[in-house]
Amino acid sequence: MSAIKLGVPSKGRLMEKTFDWFAERGIRLRRTGSEREYAGAVDGVEKVELVLLSAGEIPRELAAGRIHLGVTGSDLVRDKLADWPTLVEELAPMGFGHADLIIAVPACWADVDTLEDLDAAAHAFRAAHGHRLRIATKYHRLVREFLTREGIADWQLVDSQGATEGTVKNLTAEAIADITSSGETLRANHLKILSDGLIHSSQATLFASRMADWAGLEAPRAALIAQLGV
Ligand SMILES: Nc1ncnc2c1ncn2[C@@H]1O[C@H](COP(=O)(O)OP(=O)(O)OP(=O)(O)O)[C@@H](O)[C@H]1O
Ligand SMILES: O=P(O)(O)OC[C@H]1O[C@H](OP(=O)(O)OP(=O)(O)O)[C@H](O)[C@@H]1O
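Residues numbered from 1 in each chain as written. Chains lettered and ligands numbered in written order. Predicted model: local features only at pLDDT ≥ 70, side-chain atom pairs only at ≥ 80, totals over all residues. Heavy atoms only, no water.

## Comments concerning the site of ligand 1
Neighbouring ligand 1 are 15 residues, the closest being Ser54, Ala55, Gly56, Asp75 and Ser181. Here an oxygen atom of ligand 1 and a side-chain polar atom of Lys11 are 3.3 Å apart. Its free accessible area being 630 Å², ligand 1 has 65% of it covered by the protein chains. In this structure, ligand 1 is accommodated by the largest pocket. Of all the secondary structure elements, the ones that give two or more residues to the shell around ligand 1 are α1 (12-24) and α3 (74-80). Looking at the shell around ligand 1 residue by residue, the classes come out as 5 nonpolar, 7 polar and 3 charged. Residue assignment places the shell around ligand 1 across two domains, with domain 1 (4-97 + 204-228) and domain 2 (99-202) each supplying three or more. (Near = heavy atom within 4 Å. Polar contact = N/O pair within 3.5 Å; in protein donor to acceptor, adjacent residues only side chain to side chain. Areas by Shrake-Rupley, 256 points an atom, 1.4 Å probe, with all protein chains shown as cover. 1 Å grid on protein atoms, 1.4 Å probe; cavity = no way out; pocket = protein on both sides within 12 Å on 5 of 7 lines; lining within 4 Å. Sits in = over half its atoms within 2 Å of the grid points. Helix = DSSP H or I, 4+ residues; strand = E, 2+ residues; numbered from the N terminus. Nonpolar A, V, L, I, M, F, W, Y, C, P; charged D, E, K, R; others polar. Domains from an automatic or database assignment.)

Laid out in structure tokens, this is it:
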């Protein structure tokens, strides 16, 4: 008997708030087994199975059709999937997990407050140093598309999978593109956001896969969507 596979973040704030969001709509998601065992169950709706996954892997699993529904950040779907609207459907923003993907530069760069200023600074940087200004990020697709669309030249991305704000102090980048929520990490690392440097405002979002096999699952899908009110 087939069932709808629902992918949910396996740890941390996103997992807890996802469980709360479904509970508020009469569906109980729960871990089965130990804290460390990634098994789960769904009560309150028929033919839905819980799959606990890393938030970062949920976009790929949706695109591959290995899960039917998935909860993850809207930033991760846009960054990890080329042409994401053809692969997944955005069913509902969930109202938590808010974070802004932004571009930030050293606070001491008095002449750089906008993208236009960054463009000028990058040009001058290349002339002075013989290589392009480095922007550290893990959001390669979103940052590349944004800078290209905005017509900024003379930059290069350097990969940073964590502690991205530290790369400027460590002299491995001149600027960063990362998510911020409270802004504390940026402040602590003496970085400032460009006034027009917002790339994407992210929040946890429920997605449906366009690539999964929904045959025979139309009725459970309709029942679930109705119960969730999305
Ligand atoms: N303050 C925050 N710090 C980090 N991520 C946040 C924050 N607020 C919201 N998010 C969102 O949470 C998601 C990332 O979650 P998480 O770090 O658990 O994912 P992950 O890449 O799967 O992590 P891991 O690889 O450690 O399992 C992104 O969509 C991000 O926008
Ligand atoms: O604006 P703030 O409230 O300070 O939050 C933003 C920070 O949180 C995230 O890092 P996380 O703790 O997930 O670790 P990471 O460096 O591994 O991404 C993000 O990458 C920022 O560094």
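## Notes on the environment of Ser181
The topology assignment puts Ser181 in the loop between β10 (175-180) and α7 (184-188). Given a relative accessible area of 61%, Ser181 falls into the exposed group. Placed 21 residues apart in sequence, Ser181 and Ser202 show a C-alpha to C-alpha distance of 9.9 Å. (Buried < 20%, exposed > 50% of the residue type's maximum accessible area, 1.4 Å probe, protein only.)

## Examining the confidence of the model for the protein
Mean pLDDT for the protein: 97, with 100% of residues reaching 70 or above. Both confidence scores are given for the complex: pTM 0.96, ipTM 0.93. (pLDDT = per-residue confidence, 0-100.)

## Brief notes about the environment of Gly12
Examined against the element boundaries, Gly12 turns out to sit in helix α1. The exposure class of Gly12 is partly exposed, given its relative accessible area of 39%. For Gly12 and Gln156, which are 144 residues apart along the polypeptide, the C-alpha to C-alpha distance reads 32 Å.

## A few points about helix α5 (residues 140-149)
The complete set of buried residues in α5 reads Leu142, Val143, Phe146 and Leu147. Down the axis of α5, the buried set is contained in an arc of 120°. They therefore lie on one face. Of the exposed residues in α5, those oriented more than 90 degrees away from the buried face are Thr148 and Arg149. Following α5 by one or two positions, Gly151 has its phi on the positive side, about 75°. (Arc of directions from axis to C-beta.)

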